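Here are the chains, one letter per residue:
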Amino acid sequence: DARVTQTPRHKVTEMGQEVTMRCQPILGHNTVFWYRQTMMQGLELLAYFRNRAPLDDSGMPKDRFSAEMPDATLATLKIQPSEPRDSAVYFCASGLIGGTYNSPLHFGNGTRLTVT
Amino acid sequence: DAKTTQPNSMESNEEEPVHLPCNHSTISGTDYIHWYRQLPSQGPEYVIHGLTSNVNNRMASLAIAEDRKSSTLILHRATLRDAAVYYCILRDGSFGNEKLTFGTGTRLTIIP
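As a starting point, this report considers the structure included with it. (Residues numbered from 1 in each chain as written. Chains lettered and ligands numbered in written order. Predicted model: local features only at pLDDT ≥ 70, side-chain atom pairs only at ≥ 80, totals over all residues. Heavy atoms only, no water.)

1. As for the overall build of chain B
The helix and strand tally for chain B stands at zero helices and nine strands. In sequence order, chain B lays out its α and β elements as β-β-β-β-β-β-β-β-β. Scaling as 2.2 N^0.38, a compact globule of 112 residues should have a C-alpha radius of gyration of about 13 Å, and chain B matches this with 13 Å. Principal axes of the C-alpha set define a box for chain B whose edges measure 40 × 30 × 25 Å. Counting all 112 residues of chain B, 43% fall into the buried class. Residue pairs in contact within chain B that sit at least 24 positions apart in sequence constitute 56% of those at least 6 positions apart. (Helix = DSSP H or I, 4+ residues; strand = E, 2+ residues; numbered from the N terminus. Rg over C-alpha atoms; globule rule 2.2 N^0.38 Å. Buried < 20%, exposed > 50% of the residue type's maximum accessible area, 1.4 Å probe, protein only. Contact = heavy atoms within 4.5 Å.)

This is how it looks when you write it as structure tokens:
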């Protein structure tokens, strides 16, 4: 089965450090989503891309978060500088979306980020 | 985004059917009803979706009310592996508006 791959699975860092999370979407999928999950807020959509172009990043704190797709096989989410409140599990998902067809989303197993 | 209402938690005995309800009284004509589940320490996983008619797949069945204001996810024979949080989500089928907005879901506990 094709899978969305996220690295690293776990990251512990100190406040103020830069954090980069990576996602390899399923080959052929044209839309990539970044979600964040915490106990208090549940699953929140941060941003998503179609054909590598950002469509919506309204859920993302702009001052410290940035999301990019350098190529079709890699999506990155960066936090600089990181803060303890950024501690969460970050999920990447991909899907094939276009016209009248919207495939289900396939999620990775997440990056668990702890900022001390 | 149109919202859904689900019970916070449910319990079911192993090897028995499970009916997970979802209310979505403000559903629009272009909203598809999607169900995802999240097993412990994993990302959400697609279960099933439908628009108006009932749907079956290898994982579950989806029963949609005639007025589309509610739906029920049916697991025909629950196993311990089905213990998860189940999310009922309305996903707009219009092009360019297909993101998933998750609520709090129903935490399903399976009793051996």
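2. A closer look at the pattern of salt bridges
Residues and elements named next belong to chain A. Enumeration according to the criterion identifies nine salt bridges over all chains in this entry. A salt bridge links Asp 57 to Lys 62, with the shortest nitrogen-to-oxygen separation between them at 3.6 Å. Judged by its relative accessible area of 30%, Asp 57 falls in the partly exposed class. Between Glu 83 and Arg 85 there is a salt bridge, with its nearest N and O atoms 2.5 Å apart. A relative accessible area of 23% means that Glu 83 is categorised as partly exposed. What makes Arg 85 exposed here is its relative accessible area of 61%. Put simply, Arg 64, Glu 83, Arg 85 and Asp 86 are held in one network by salt bridges that share partners. (Salt bridge = Lys/Arg side-chain N within 4 Å of Asp/Glu carboxyl O.)

3. Re unusual backbone geometry
Omega for the peptide link from Thr7(A) to Pro8(A) comes to -10 degrees, which places this bond in the cis form. Position of Pro8(A) among the secondary structure elements: in the loop between β1 (5-7) and β2 (10-13). With omega at -5 degrees, the peptide bond leading from Gln80(A) into Pro81(A) counts as cis. Locating Pro81(A) in the fold gives a position in the loop between β8 (74-79) and β9 (88-95). One non-glycine residue, Asn51(A), lies in positive phi territory at about 50 degrees. Within the secondary structure, Asn51(A) is located in the loop between β5 (42-50) and β6 (53-56). For Glu15(B), which is not a glycine, the phi torsion comes out positive at approximately 70 degrees. Mapping Glu15(B) onto the fold places it in the loop between β1 (9-13) and β2 (18-23).

4. A few points about the sheet that holds β1(A)
Strand pairing in a sheet relies on backbone hydrogen bonds. The paired strands run either parallel or antiparallel. Residue and element names in this part refer to chain A. An order of β1-β3-β8-β7 is seen for the four strands of this open sheet, with the pairing classed as antiparallel. Of all strands in the sheet, those bounded by a partner on one side alone are β1 and β7 (65-71). The average undirected angle you get between the axes of adjacent strands in this sheet is 20 degrees. Pairing of β7 with β8 involves five bridges; the strand directions are antiparallel. For Ala 67, the partnering residue across the bridge sits in β8 and is Leu 77. (Pairing = 2+ DSSP bridges. Axes fitted to C-alpha atoms, helices over the stretch in contact; angles between N-to-C directions.)

5. Here we look at the side chain of Ser71(B)
Residue and element names in this part refer to chain B. When you line up the elements, Ser 71 lands in strand β7 (residues 70-75). What makes Ser 71 buried here is its relative accessible area of 3%. Separated by 2.9 Å, the side chains of Ser 71 and His 24 make a polar contact. Sequence-distant contacts of Ser 71, defined by excluding residues within four places in its chain, comprise Leu 20, Pro 21, Cys 22, His 24, Ile 33, Trp 35, Leu 62, Ala 63, Ile 64 and Cys 88. (Polar contact = N/O pair within 3.5 Å; in protein donor to acceptor, adjacent residues only side chain to side chain.)

6. A few points about the sheet that holds strand β3 (residues 31-38) of chain B
Residue and element names in this part refer to chain B. The sheet built from five strands is open, its strands ordered β1-β9-β8-β3-β4 with mixed pairing. The open sheet terminates on both sides in strands that have one partner only, identified here as β1 and β4 (45-50). Recorded for the sheet is a direction-independent mean angle of 25 degrees between the axes of neighbouring strands. Bridge count for strand β8 (residues 84-92) against strand β9 (residues 106-111) is three bridges, and the pairing is antiparallel. The partner of Ala 84 across the bridge, within β9, is Leu 108.

7. Here we look at the interface of chain A and chain B
With 20 residues of chain A at the contact, the number on the chain B side is 17 residues. Between chain A and chain B the total buried area reaches about 1,600 Å² when both faces are included, carbon and sulfur atoms providing 52% of it. By the criterion of area lost to chain B, the three top residues of chain A are Leu43(A), Asn102(A) and Phe107(A), representing 29% of everything that side buries. Scanning the region where chain A abuts chain B turns up one salt bridge. Mapped onto the side of chain A that touches chain B, the elements with two or more residues apiece are β4 (31-38), β5 and β10 (97-98) of chain A. For the side of chain A that touches chain B, the element with the most residues is β5(A), which contributes four residues. (Buried area = accessible area lost by both parts, 1.4 Å probe.)

Structural measurements only, silent on function.
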